[in-house]
Amino acid sequence: MNTRTLPLLLAIAASLTVNAAQAATTGSVQFRGQVNAGTCNLAAGDVNRTITLPTVKISDFDSAVYTGAQNFDISADCESDIRNVIFLFSGTQSTGNALLFSNTGTSAGTALWLAHRAPALGTIPANGTPAQRSRTVATSANKAVLPLTGAYHKTGAAITQGTLVSAVTVSITYN
């Protein structure tokens, strides 16, 4: 080997050696988060809603205990993981008939009858257990729709002309 190239080769070889890095400490990284269940809300149009019953005559009660039925739906908009919505109704019961909601209007002898339309008419009482006053509806396409009927109903007192005004509160829970 040529002696003149030896110092050059030694310099090149020395520059190719790699120094090993030394770790002073080690650590870990933690990740935290939370997954919440979806929610449901009454549809915007059902939050504060007025259902107008058709005008009836006193004589319409001659052969029926209720008249002037008006069909309507109450619905809830839900997220995709919600399977069932429970609609719970409450209000002041009519004097003498706990199944009816009281009338604060001017027509004596009348109260509000509220019923679930499916599969058959089923009274939703103003006064009863939560199970009697609630209806469970399965969601479909992120919505739960409860078909209802409201109507004028005889209370047993003499019926007079005037208005029927009745307030019913609906709340929902879901799973």
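What counts and how
- Residues numbered from 1 in each chain as written.
- Predicted model: local features only at pLDDT ≥ 70, side-chain atom pairs only at ≥ 80, totals over all residues.
- Heavy atoms only, no water.
- Helix = DSSP H or I, 4+ residues; strand = E, 2+ residues; numbered from the N terminus.
- Buried < 20%, exposed > 50% of the residue type's maximum accessible area, 1.4 Å probe, protein only.
- Contact = heavy atoms within 4.5 Å.
- Pairing = 2+ DSSP bridges.
- Axes fitted to C-alpha atoms, helices over the stretch in contact; angles between N-to-C directions.
- Core = buried A, V, L, I, M, F, W, Y, C linked by side-chain atoms within 4.5 Å.

On to the overall build of the protein chain. Of the regular secondary structure elements, the protein chain holds one helix and ten strands. Taken from N to C terminus, the helices and strands of the protein chain fall in the order α-β-β-β-β-β-β-β-β-β-β. Looking at the 175 residues of the protein chain, the share that counts as buried comes to 30%. In the protein chain, once contacts between residues fewer than 6 apart in sequence are set aside, the share between residues at least 24 apart is 78%.

What the three strands build is an open sheet, ordered β8-β3-β10; its pairing is antiparallel. The sheet is open, and its two edges are formed by β8 (134-138) and β10 (169-174), each paired on a single side. The sheet shows a mean angle of 25° between the axes of neighbouring strands, direction not considered.

With 26 residues, the main nonpolar core has I74, V85, F87, F89, L114, L148 and I172 as its most contacted residues. Put simply, the parts of the chain that give this core at least two residues each are β1 (40-42), β2 (66-78), β3 (84-90), β6 (110-116), β9 (143-154) and β10. Beyond its immediate sequence surroundings of up to four residues, I172 is in contact with C40, N41, L42, A76, V85, I86 and F87. Within the second largest apolar cluster, five residues are counted, among which are L100, A111, W113 and A115.

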